[in-house]
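Structural overview
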Amino acid sequence: MQERILFGTYTKKTSQGIYQGTLDTTAKTLTNDGLLAATQNPTYLALSAKDRLYSVDKEDDEGGIAAWQLDGQTAHKLNTVVAPGTPPAYVAVDEARQLVYSANYHKGTAEVMKIAADGALTLTDTVQHRGNGPRPEQDGSHIHYIDLTPDNRLAVIDLGSDKVYVYNVSDAGQLSEQSVLTMEAGFGPRHLVFSPDGHYAFLAGELSSQIASLKYDAQTGTFTQLGIVKTIPADYTAHNGAAAIRLSHDGHFLYVSNRGYNTLAVFAVAADGHLTLIQQISTEGDFPRDFDLDPTETFVVVVNQNTDNATLYARDLTSGKLSLLQKDVNVPEGVCVRF
């Protein structure tokens with residue numbers, strides 16, 4: 001089987017935009033098939049139905065989201081929603097309400113856009129966050145993640161203020177705050193994943209190299225913290241930042257990338273949300289910003305931003321552990337993986 005992959009990148013050095021690749025599940029090989037779309041700093045990608053792609057976008061001194069129509073091996077830009085300043089850090093699609101969400105790390109804003117019938121976007125709401133934390137990276141609000149909860153509310157993760165927000169969303173794309181969870185000072189929350197039943201969530205702490213297990217109450221739209229584990233060894237003292245976090249479809253295994261320690265950490269997930277580290281495996285490169293499990297969950301692909309390479313692993317469905325298949329697949333300035 002041939003599985004298509006899209007790679008989001010920075011375009012600060014040699015990358016020219018969004019690249020496409022192929023995972024051959026029979027041969028167990030990964031290839032970069034070349035440039036899909038020339039664009040500036042498409043650092044995060046979200047796919048919707050109707051073969052539409054929404055990417056972070058930079059246009060000179062403005063940043064925002066670009067809408068693309070995918071057609072075979074090509075992409076046609078439908079429109080962009082940009083504003084003066086830096087681009088967002090995250091983009092997500094709400095199929096039910098036909099909305100797109102973006103999180104702007106540098107501005108501390110969460111934005112909502114309506115998807116028109118032709119796939120183009122129109123801004124409907126912007127929420128400005130305030131706050132800070134004790135670490136140098138927490139000089140102000142830095143929203144790093146925005147995506148749906150299992151009950152179709154919106155989770156917004158603010159690394160700068162150590163807070164996890166839950167918002168209600170109207171059909172017209174307007175946000176209203178439902179709840180706020182305050183993490184330990186300096187935790188630096190980055191990305192979030194939910195368990196299959198929606199009762200638990202796992203929060204990656206970028207600045208603390210930790211994962212927090214959270215209980216989610218859909219009736220009240222609130223989070224409660226259960227426990228915290230490290231993503232790196234206790235004796236590792238060099239710089240590290242936890243980055244992407246993924247959960248297997250059965251909810252039994254959790255994965256997080258370590259930028260600095262340069263591994264994927266693998267955790268077994270107990271029925272009560274408790275995490276146990278079962279593997280640390282090298283990403284065969286430097287600064288693994290993102291990774292993803294393929295649709296069959298028998299493979300994992302990670303991109304290393306600083307060494308311009310992607311790495312392919314086989315995944316054991318029973319143990320959850322990974323084994324190296326291929327490294328040194330060229331992906332320039334890779335920061336996002338989307339099957």
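This is a predicted model, so every value here is computed, not measured.

The subject of this paragraph is the side chain of E297. Along the chain, E297 falls in the loop between β24 (288-293) and β25 (299-304). Residue E297 is classed as buried on the basis of its relative accessible area of 8%. Side-chain polar atoms of E297 contact the backbone nitrogen of H249, separated by 3.0 Å. Those residues in contact with E297, other than ones at most four positions away along the chain, are L247, S248, H249, R315 and L317.

This part takes up the pattern of salt bridges. Enumeration over the complete set of coordinates arrives at 11 salt bridges. Note that D57 is salt-bridged to K77, the shortest N-O span being 3.9 Å. Placement of D57 in strand β5 (residues 52-59) and of K77 in strand β7 (residues 74-84) is noted, with a sequence separation of 20 residues between them. We classify K77 as partly exposed; its relative accessible area is 32%. Salt bridges here are not isolated pairs; linked through shared partners, they connect D57, E59 and K77.

With that out of the way, let us pick up the nonpolar core. By size, the foremost hydrophobic cluster in this structure holds 55 residues, and its most contacted members are Y54, V100, L121, L192, L203 and F223. Not counting the four nearest positions on each side in its chain, F223 is found in contact with V164, V166, L181, L192, F194, A201, L214, K215 and Y216. Counting 14 residues, the second largest nonpolar core, distinct from the first, contains V193, Y200, A204 and V256.

Pairing is antiparallel across the open sheet formed by 4 strands, whose spatial order is β8-β9-β10-β11. The sheet is open, and its two borders are formed by β8 (90-94) and β11 (121-128), each paired with just one other strand. The sheet shows a mean angle of 20 degrees between the axes of neighbouring strands, taken without regard to direction.

Parameters and conventions
Residues numbered from 1 in each chain as written. Predicted model: local features only at pLDDT ≥ 70, side-chain atom pairs only at ≥ 80, totals over all residues. Heavy atoms only, no water. Helix = DSSP H or I, 4+ residues; strand = E, 2+ residues; numbered from the N terminus. Buried < 20%, exposed > 50% of the residue type's maximum accessible area, 1.4 Å probe, protein only. Polar contact = N/O pair within 3.5 Å; in protein donor to acceptor, adjacent residues only side chain to side chain. Contact = heavy atoms within 4.5 Å. Salt bridge = Lys/Arg side-chain N within 4 Å of Asp/Glu carboxyl O. Core = buried A, V, L, I, M, F, W, Y, C linked by side-chain atoms within 4.5 Å. Pairing = 2+ DSSP bridges. Axes fitted to C-alpha atoms, helices over the stretch in contact; angles between N-to-C directions.

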